[in-house]
Amino acid sequence: MLQALRSLGLFHRITFLPQPDETGGIRLQVQLEEKWTLIPIPVGGATSGGSLYGGLLLFESNLFGWNKKFFGGAFGGNNGWQGMFGYIDPRFLASSHSLMLRAGLGTENVSSKTIDGTLLRRYEKIKLDTGGDITFSLGNGFGFGIGAQLRDHEVKGNYDSSVNPPDSQLYLGPTVTLRYQDLFYGPVLVYGVSSFLRYERALDLRGKDSYDSFTLQAQGHLPLWGEHRLGVRIQGFSGLGIPAVLENRVSGRYLKTIGDDVFSNTVLMGQVSVEGIPLHFSWGAPTLLLFYEGGIFKDGSPGSGDPYYLSHGPGAGFRIYLSRVAVPAFGFDVTYSVSTGKVYGFVNVGFQM
C-alpha cells in the first residue's frame with residue numbers, strides 16, 4: 001500500500017496508524033498530506049559553453065482531483081524560444097492504460113560543430129513538434145505503446161549569419177514503444193529499473209526521403225547503505241538517413257563530456273553513478289552525485305567519411321529534492337573530458353533535470 005501511494009507522486013507525508021478493533025483484529029488508519037499539485041516551476045540552465053535559457057512552466061499533477069497531469073509554459077534564451085504543453089492520463093478511460101499528448105512550437109538558432117569546435121553549419125529555424133501515445137499495460141511491469149508524431153522544421157532563408165544551412169523538412173509517422181518498469185519508492189530517491197525502446201517511421205510529406213529511427217533509454221538504481229543508491233544508465237539514438245535539420249543534440253542531452261553544439265544522427269552512451277543523501281531537512285533533502293560516463297557518436301558532416309568519436313570522463317554534482325514537489329528543484333554538474341582535456345559545467349532548474 002505504501003509503494004502504491006508513493007508511486008502516485010501526490011503525497012508529501014503518508015502515515016499508517018494500526019489500531020485494535022472490537023473483534024480483536026486490527027484497523028488501519030491512513031493519514032495523507034498532499035503535495036502542492038498546481039506548481040509554477042522556473043525552468044532554466046546554463047553551460048560552460050555559453051548557452052543560457054530560462055522560463056516558466058505551470059505543472060498540475062492532479063488535474064480536477066482525478067490524478068491527471070498537465071503542463072504548459074514557455075522559455076527562451078540566446079539560442080531561441082519555445083512554448084509547450086502536455087497532458088498525461090495514467091488511467092486512460094479508467095483502465096490500466098495511459099495516454100500522453102504533447103506539442104511544442106518555437107525557434108532555434110543552431111550552430112553545429114565538430115568535437116574540436118570546428119563550425120559545420122549555422123542557421124535559424126522555426127519548429128513544430130507534436131504527437132501522442134497510448135501505452136497498454138501488459139502486466140508484470142511491461143507496457144506496449146503506439147502513437148504518432150508530426151515534425152515540421154522550417155529553415156529561415158533570410159538569416160544573415162547562415163553557414164551551409166540544411167533543407168526544411170516536414171515528417172509524419174507512427175511510433176511503437178516497448179516499456180518496462182519495476183520501481184521501489186523511497187522517501188526521497190527511487191530505486192529499481194525503468195526502460196523503453198521506441199521505433200519511429202517518419203514519412204516525408206514533401207516527397208523526399210523517409211527515414212527510420214530507434215531510441216533507447218534504460219536505467220537502474222540499486223540501494224546501497226541507508227538511502228544511497230548505485231545507478232547505471234544507457235541511452236542511445238540511431239536515425240541513419242535522418243536529415244541534418246532533425247539531428248539530435250549530443251552535448252548535454254546525451255553526454256556532458258563534450259562542448260556545446262555537437263549534433264549527430266547516431267549516439268550511444270553509458271553512465272555509472274553513486275548518489276548519496278548526507279542530510280534530511282523539513283523541506284526536503286540534498287544529494288551528492290559522482291559519476292563516470294562514456295559514449296560514441298557519429299559525425300555526419302560533409303566530407304567526414306562518417307567517423308565515430310569517443311568521449312568519456314568523470315563528473316560530480318548535486319541535486320536538491322523538495323518534499324512537497326515531485327521533481328528536483330535545482331542541480332549542478334561539472335565534468336572533465338578525458339577526450340578533449342576540458343572541464344564542462346551544467347546548471348539546471350526545475351524540469352530540466
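This text follows the structure it describes.
In this text, all values refer to a predicted model and were calculated from it rather than measured experimentally.

### Here's the deal with the overall build of the protein
Inference 1: Along the backbone of the protein there are one helix and 20 strands.
Inference 2: A principal-axis box enclosing the C-alpha atoms of the protein has dimensions of 80 × 45 × 35 Å.
Inference 3: Sequence-distant contacts in the protein: of pairs separated by 6 or more residues, those separated by 24 or more amount to 49%.
Inference 4: Element-wise, carbon and sulfur atoms account for 62% of the exposed surface of the protein, whose accessible area totals about 17,700 Å².
Inference 5: Counting 29 positive and 29 negative side-chain charges, the protein places the averaged centre of each group 2 Å from the other.

### Description of the packing of aromatic side chains
Inference 1: Applying the stated criterion across every chain, the model contains eight aromatic pairs.
Inference 2: Ring geometry for Phe-318 versus Phe-332: centroids 6.4 Å apart, planes at 40°, classification tilted. One end of the pair, Phe-318, is in strand E18 (residues 308–322); the other, Phe-332, is in strand E19 (residues 328–336), with 14 residues separating them in the sequence.
Inference 3: Note on Phe-332: relative accessible area 30%, which makes it partly exposed.
Inference 4: Positioned above the aromatic ring of Phe-196, the side-chain terminus of Arg-179 is 5.3 Å from the ring centre.

### Looking at the pattern of salt bridges
Inference 1: Across all of its chains, the model carries 14 salt bridges by this definition.
Inference 2: A salt bridge links Glu-22 to Arg-27; the nearest nitrogen and oxygen atoms lie 3.5 Å apart.
Inference 3: Look at Glu-22 and you get exposed, because its relative accessible area is 70%.
Inference 4: The exposure class of Arg-27 is partly exposed, given its relative accessible area of 40%.
Inference 5: Between Asp-212 and Arg-201 there is a salt bridge, with its nearest N and O atoms 2.9 Å apart. In this pair, Asp-212 sits in strand E12 (residues 211–223) while Arg-201 sits in strand E11 (residues 190–204), placing the two residues eleven residues apart along the sequence.
Inference 6: For Arg-201, a relative accessible area of 29% puts it in the partly exposed group.
Inference 7: By sharing partners, the salt bridges in this structure join Glu-108, Lys-125, Lys-127, Arg-249 and Asp-261 into a single network.

### Section: the nonpolar core
Inference 1: With 19 residues, the main nonpolar core has Val-250 and Phe-297 as its most contacted residues.
Inference 2: Sequence-distant contacts of Val-250, that is, excluding residues within four places in its chain, are made with Leu-255, Ile-258, Val-262, Phe-263, Ser-264, Val-267 and Phe-297.
Inference 3: The next biggest cluster of nonpolar side chains, apart from the first, holds five residues, and it includes Leu-189, Ile-277, Ala-285 and Tyr-321.

### Notes on the pairing of strand E9 (residues 142–155)
Consecutive residues of a regular strand have side chains that alternate between opposite faces of the sheet.
Inference 1: The pairing of strand E8 (residues 119–139) with E9 spans 14 bridges and is antiparallel. The residue bridging Phe-136 from the neighbouring strand is Phe-144, located in E9.
Inference 2: Counting the residues that bridge the hairpin from E8 to E9 gives two residues, and of these Asn-140 lies at a positive phi of roughly 60°.
Inference 3: Pairing of E9 with strand E10 (residues 169–185) involves twelve bridges; the strand directions are antiparallel. Bridging from a neighbouring strand, Ile-146 pairs with Val-176 of E10.

### Here we look at the side chain of Glu-293
Inference 1: Checked against the element boundaries, Glu-293 lands in strand E17 (residues 284–298).
Inference 2: Despite its burial, Glu-293 pairs with no opposite charge, the nearest such side chain being Arg-233 at 4.9 Å.
Inference 3: Engagement of the side chain of Glu-293 in a polar contact is seen with the side chain of Thr-257, the distance being 3.0 Å.

### So, unusual backbone geometry
Inference 1: Notably, Leu-93 is not glycine yet its phi reads approximately 55°, a positive angle.
Inference 2: Structurally, the position occupied by Leu-93 is in the loop between strand E6 (80–89) and strand E7 (98–113).
Inference 3: A relative accessible area of 68% means that Leu-93 is categorised as exposed.
Inference 4: Even without a glycine there, the phi angle at Asn-140 is positive, about 60°.
Inference 5: Following the sequence through the fold, Asn-140 ends up in the loop between E8 and E9.

Criteria and thresholds
- Residues numbered from 1 in each chain as written.
- Predicted model: local features only at pLDDT ≥ 70, side-chain atom pairs only at ≥ 80, totals over all residues.
- Heavy atoms only, no water.
- Helix = DSSP H or I, 4+ residues; strand = E, 2+ residues; numbered from the N terminus.
- Contact = heavy atoms within 4.5 Å.
- Areas by Shrake-Rupley, 256 points an atom, 1.4 Å probe, with all protein chains shown as cover.
- Lys, Arg positive; Asp, Glu negative; His and termini not counted.
- Charge placed at Lys NZ, Arg CZ, Asp CG, Glu CD.
- Phe/Tyr/Trp six-rings, centres within 6.5 Å; stacked < 30°, edge-to-face > 60°.
- Buried < 20%, exposed > 50% of the residue type's maximum accessible area, 1.4 Å probe, protein only.
- Lys NZ or Arg CZ within 6 Å of the ring centre and 35° of its normal.
- Salt bridge = Lys/Arg side-chain N within 4 Å of Asp/Glu carboxyl O.
- Core = buried A, V, L, I, M, F, W, Y, C linked by side-chain atoms within 4.5 Å.
- Pairing = 2+ DSSP bridges.
- Polar contact = N/O pair within 3.5 Å; in protein donor to acceptor, adjacent residues only side chain to side chain.

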